[in-house]
Amino acid sequence: MLTEIVLHKCTSAHKLVSSLKENIATSKANNSYPKWSDEFLTFCEHTADATLDFIDKRLPALEGSNQELNILSLIQGWEVLHTFIKPVLDADTLKVPYPLVHFLSEHIGGLEAVKGTKIVIELIPELNYLQHRHTSVRIAMRLLKIIIGAAYEVPWFGFLGLPYSQSNSLFMNCLLYHEAGHFIAEEINLFPEEDIPELTKELKSDFKRYANWAGMTIQVWMEELFADIVAVKLIGPAYTYASMELLRLVHNLSRTNIRTFSINHPADALRFREQLKILKADNWESSAETKQWQELKKIANIRQNTYLPPDDEDPSMRKKWLKLIEFLCRPKNIKKVHDLADQYLADRANPCDCFMQSAAIIRECLQHGIVPSWSGMQRQIPHPTAIINGAVFFLLSDMDDLYKIVPSINKNKVGERASLEKRLEMWCIKGIEDWLLRKNKNQ
Amino acid sequence: MLGKRNMRDSIGYVTLGLFSNALLNELQEAANNPGCVPEHREMIDLAIDSFHEIQSPKSISRPRFADLVFQKHQEANALRKTLSSSKTKTNLREMNKVLDTIVKDEVTADRRSKSIEKAVDFFRELARTAIIKAECPEERIPPGVAQLAY
């Protein structure tokens, strides 16, 4: 028997959950979704069914005071899930570069350190990329499942968000790999909370009562560097060049800005310096020669002692920020980040090796306006990381070859340039799709 | 925005609320039959391991996917703050002993019953406080997203 107040709350919960279920069902009827997004939505539907069943049948059997606590907690659990469902519903296969995100999901899920995880794509309103922290939500969903007595397991989802304007883009969406780096960092608990006291001890003499803050800031900066390194190790210069492109959109790579740290991010000069180390170690130097590569080398040469602290309203904090920057840049701390990336990506394939195998054929295809899955006599479709990097190099250096065979397009007209570049990106996305189709056919 | 909170800022408290409720349901079932070890003890075991891990980090070896609760900053913080503002006088170490007693084989029905009662009081108070705090977390944590923002 439910009291009037519990009955009222149960009715509200019932309406909320039913409405979400209807929203999902309607969207699924009208659209198709990337594989893991579809699984996430199905998981939400099953959770909705089990929740409604719990409210109808099992909740009334609970002890009186537990009824109200249970239903209030259930509503809160669904409010959390609510914030995840909408951006996933927005990201149907027509609104995301499906082959790219499908490949990324397989690429990341194939790494031993995070094997079997499933990347769900969200569309977000900002012109930015993000990773939604997922482990707390996963635990909350597991507890919700236990309360409602559902029989299924909570799948191992990760959530990456891309801007809704970039649905057909290949180049900019390489930035998703940085977010995948954050996903890996969270999944393996790269910088656990229990490490903070040790770090704080190291920082104590310089930072005194600020040592805890300093330790946490160092961890945040290190995770950013880690995410960059993961991205470059997995996708090569395509990530670095895409970052430079995004930077140009925002602040024109000014020398002051790229030397400035923010509360959440190390200075871009440091980030690019560390990326260049990986690119050189992976042997990209001979293939990645572009104007951007020269720019990258210049940025990497910016002296560390010219890095600038974040703007802080309190001028007395400037010295502390500078000390913290110096601490992060110590060789042993930078090495620690590289070592962690090496450790967790030990089984990755060097994208430069894939690229070298197919660079010539990809370039030839693009020069003639052909989808780069045609591989002549080789019967082997170039690997997606090779297609992505081939496309980026072509976009940055070789577009003139394409203008020659499409005389109707005037390369001095911005709109026409943009339209041809978009087409090139779409050919490459198609190339990735062909690779995935061939791979699945062979399995 | 109309409301007072963003549920993503409240996730630590939501998790604590769900955790306490799931545990309460198991304890309630155990209370009906204190003569033997509870048949359903998934949550009790999870609580014992999670509390133990908070007190002695890295002491529990577990596969990557076997998530314990309260190991993330947001959840651990929510637990700390909820405990300090709830009426309960019991600390985590004592509660771990109580939960251990509930799942031990060689415990009398009377002792198990008293332990269950104590645990129910503790987690009911925890659930109540967590639910209230989830509605208006007193601090905004940095956005629950790791952005590439430049």
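Rules used in this analysis
- Residues numbered from 1 in each chain as written.
- Chains lettered and ligands numbered in written order.
- Predicted model: local features only at pLDDT ≥ 70, side-chain atom pairs only at ≥ 80, totals over all residues.
- Helix = DSSP H or I, 4+ residues; strand = E, 2+ residues; numbered from the N terminus.
- Rg over C-alpha atoms; globule rule 2.2 N^0.38 Å.
- Buried ≥ 20, exposed ≤ 12 C-beta atoms within 10 Å, placed from the backbone.
- Contact = placed C-beta atoms within 7 Å.
- pLDDT = per-residue confidence, 0-100.
- Expected span 1.5 Å × (residues − 1).
- Domains from an automatic or database assignment.
- Nonpolar A, V, L, I, M, F, W, Y, C, P; charged D, E, K, R; others polar.
- Pairing = 2+ DSSP bridges.
- Axes fitted to C-alpha atoms, helices over the stretch in contact; angles between N-to-C directions.
- Parallel < 35°, antiparallel > 145°, perpendicular 65-115°, else oblique.
- Left-handed = near helix turned anticlockwise from the far one by under 90°.
- Core = buried A, V, L, I, M, F, W, Y, C linked by C-beta atoms within 7 Å.

*Asks:* Sorry if this is basic, but what is going on with the overall build of chain A here?
*Replies:* A tally of helices and strands in chain A yields 17 helices and three strands. In terms of overall size, chain A behaves like a compact globule, its C-alpha atoms giving a radius of gyration of 25 Å where 443 residues would be expected to give roughly 22 Å. Each principal axis of the C-alpha distribution contributes one length, and for chain A these read about 75 × 60 × 40 Å. By the burial criterion, 44% of the 443 residues in chain A qualify as buried. Taking the contacts inside chain A whose residues are at least 6 apart along the sequence as the reference set, 80% of them involve residues at least 24 apart.

*Asks:* Before we go on, may I ask you to explain the overall build of chain B in this structure?
*Replies:* The helix and strand tally for chain B stands at five helices and one strand. Sequence-ordered secondary structure for chain B, helices as α and strands as β, is α-α-α-α-α-β. Here the contacts in chain B between residues at least 6 apart in sequence split such that 68% fall between residues at least 24 apart.

*Asks:* Can you help me understand the confidence of the model for chain B in this one?
*Replies:* Atom-level detail of predicted coordinates should not be read off regions where pLDDT is low. All names here are of chain B. On average, residues of chain B score 80 in pLDDT, and 79% of them reach the 70 mark or higher. Element-level mean pLDDT values for chain B span from 39 in strand β1 (residues 145–147) up to 92 in helix α1 (residues 11–31). Scored as a complex, the prediction yields pTM 0.88 and ipTM 0.83.

*Asks:* Is there a simple way to think about helix α11 (residues 268–281) of chain A in this case?
*Replies:* Residues spaced three or four apart along an α-helix point in a common direction, a consequence of the helix completing one turn every 3.6 residues. Residues and elements named next belong to chain A. Taking 1.5 Å per residue as the helical rise, α11 with its 14 residues ought to reach 20 Å, and the 20 Å between its terminal C-alpha atoms agrees with that figure. Taken across its 14 residues, α11 has ten buried, putting it largely inside the fold. Every buried residue belonging to α11 is among D268, A269, L270, R271, F272, R273, Q275, L276, I278 and L279, and all of these are buried. Looking one or two residues past α11, N283 carries a phi angle of roughly 70°, positive in sign.

*Asks:* Even after reading the chapter, I still don't get the domain arrangement of chain A, so can you show me in this structure?
*Replies:* Frequently, the measure chosen for interface size is the accessible area that the parts lose on association. Residues and elements named next belong to chain A. Here chain A is partitioned into domain 1 (4–167), domain 2 (185–344) and domain 3 (351–442). Every contact between the two is made by twelve residues of domain 2 and, on the other side, eleven residues of domain 3. Those elements that provide at least two residues to the side of domain 2 that touches domain 3 are α8 (211–235) and α9 (237–251). Of all the elements, α9 adds the most residues to the side of domain 2 that touches domain 3, at three residues. Broken down by class, the residue content of the side of domain 2 that touches domain 3 amounts to six nonpolar, five polar and one charged.

*Asks:* Sorry if this is basic, but what is going on with the interface of chain B and chain A here?
*Replies:* Each partner contributes residues to the interface: chain B has 38 residues there, and chain A has 40 residues. Elements with a contribution of two residues or more to the side of chain B that touches chain A: α1, α2 (42–55), α3 (73–85), α5 (109–135) and β1 of chain B. The dominant element in the side of chain B that touches chain A, judged by the number of residues it contributes, is α1(B), at twelve residues. Residue composition of the side of chain B that touches chain A, grouped by class: 20 nonpolar, ten polar and eight charged.

*Asks:* It is not clear to me how the pairing of strand β1 (residues 118–124) of chain A should be interpreted in this structure. Could you clarify?
*Replies:* Along any regular strand the residues' side chains alternate between the sheet's two faces. Residue and element names in this part refer to chain A. The buried fraction of β1 amounts to five of the seven residues, a majority that puts the element mostly inside the structure. In this sheet, strand β3 (residues 157–163) lies alongside β1 in parallel orientation, the contact comprising seven bridges. Within the sheet, the bridge partner assigned to K118 lies in β3 and is F157.

*Asks:* Got a minute to help me understand the environment of A:A238 in this structure?
*Replies:* Residues and elements named next belong to chain A. Among the structural elements, A238 can be located in helix α9. In this structure, the C-alpha to C-alpha distance between A238 and R348, residues 110 residues apart in sequence, is 17 Å. Contacts of A238, omitting those with residues within four sequence positions, involve C174, I388, N389 and V392.

*Asks:* I keep staring at the packing of α3(B) against α5(B) and nothing clicks. Help me out?
*Replies:* Each pair of packed helices can be described by the angle between their axes along with the distance between the axes. Residue and element names in this part refer to chain B. At a minimum axis distance of 9 Å, the contact between α3 and α5 shows a crossing angle of 115°. Taken together, α3 and α5 sit at an angle that is classed as roughly perpendicular. For the crossing formed where α3 meets α5, the hand is right-handed. Where α3 abuts α5, its residues A78, T82 and S85 lie against L126, T129, A130 and K133. Of the residues assigned to the contact of α3 with α5, the class counts are three nonpolar, three polar and one charged.

*Asks:* Please clarify how the environment of A:N440 should be interpreted in this entry.
*Replies:* All names here are of chain A. Its place among the elements puts N440 in helix α17 (residues 414–442). Judged by local crowding, N440 falls into the exposed class, with 9 C-beta atoms found within 10 Å. When the C-alpha positions of N440 and M216 are compared, they lie 44 Å apart, and in sequence the two are 224 residues distant.

*Asks:* Which parts of the structure should I look at to understand the nonpolar core?
*Replies:* A general tendency of soluble globular proteins is for nonpolar side chains to be buried together. A:A140, A:C174 and A:F226 are the most contacted members of the largest nonpolar core, which has 165 residues in total. Residue contributions to this core peak at 13 residues, all from α8(A).

*Asks:* Explain the environment of A:P197 to me, please; I cannot follow it from the model alone.
*Replies:* Inspection of the secondary structure puts A:P197 in helix α7 (residues 196–207). Note: C-alpha distance between A:P197 and A:M216 (19 residues apart in sequence) is 9.9 Å.

*Asks:* Is there a simple way to explain the confidence of the model for chain A in this structure?
*Replies:* With 97% of its residues at a pLDDT of at least 70, chain A reaches an overall mean of 89. Ranking the helices and strands of chain A by mean pLDDT puts α11(A) first, with 96, and α7(A) last, with 77.

*Asks:* Please explain α3(B) as it appears in this structure.
*Replies:* For α3(B), which comprises 13 residues, the first-to-last C-alpha distance of 18 Å matches the rise-based estimate of 18 Å (1.5 Å per residue) to within 8%. Where α3(B) is buried, its residues meet α5 (135–148) of chain A together with α1 and α5 of chain B.

*Asks:* Can you help me understand unusual backbone geometry in this one?
*Replies:* Glycine aside, residues mostly have negative phi, and peptide bonds are mostly found in the trans state. All names here are of chain A. For N189, which is not a glycine, the phi torsion comes out positive at approximately 50°. Positive phi outside glycine occurs at N283, with the angle close to 70°. Inspection of the secondary structure puts N283 in the loop between α11 and α12 (291–300). Judged by the 14 C-beta atoms lying within 10 Å of it, N283 is partly exposed.

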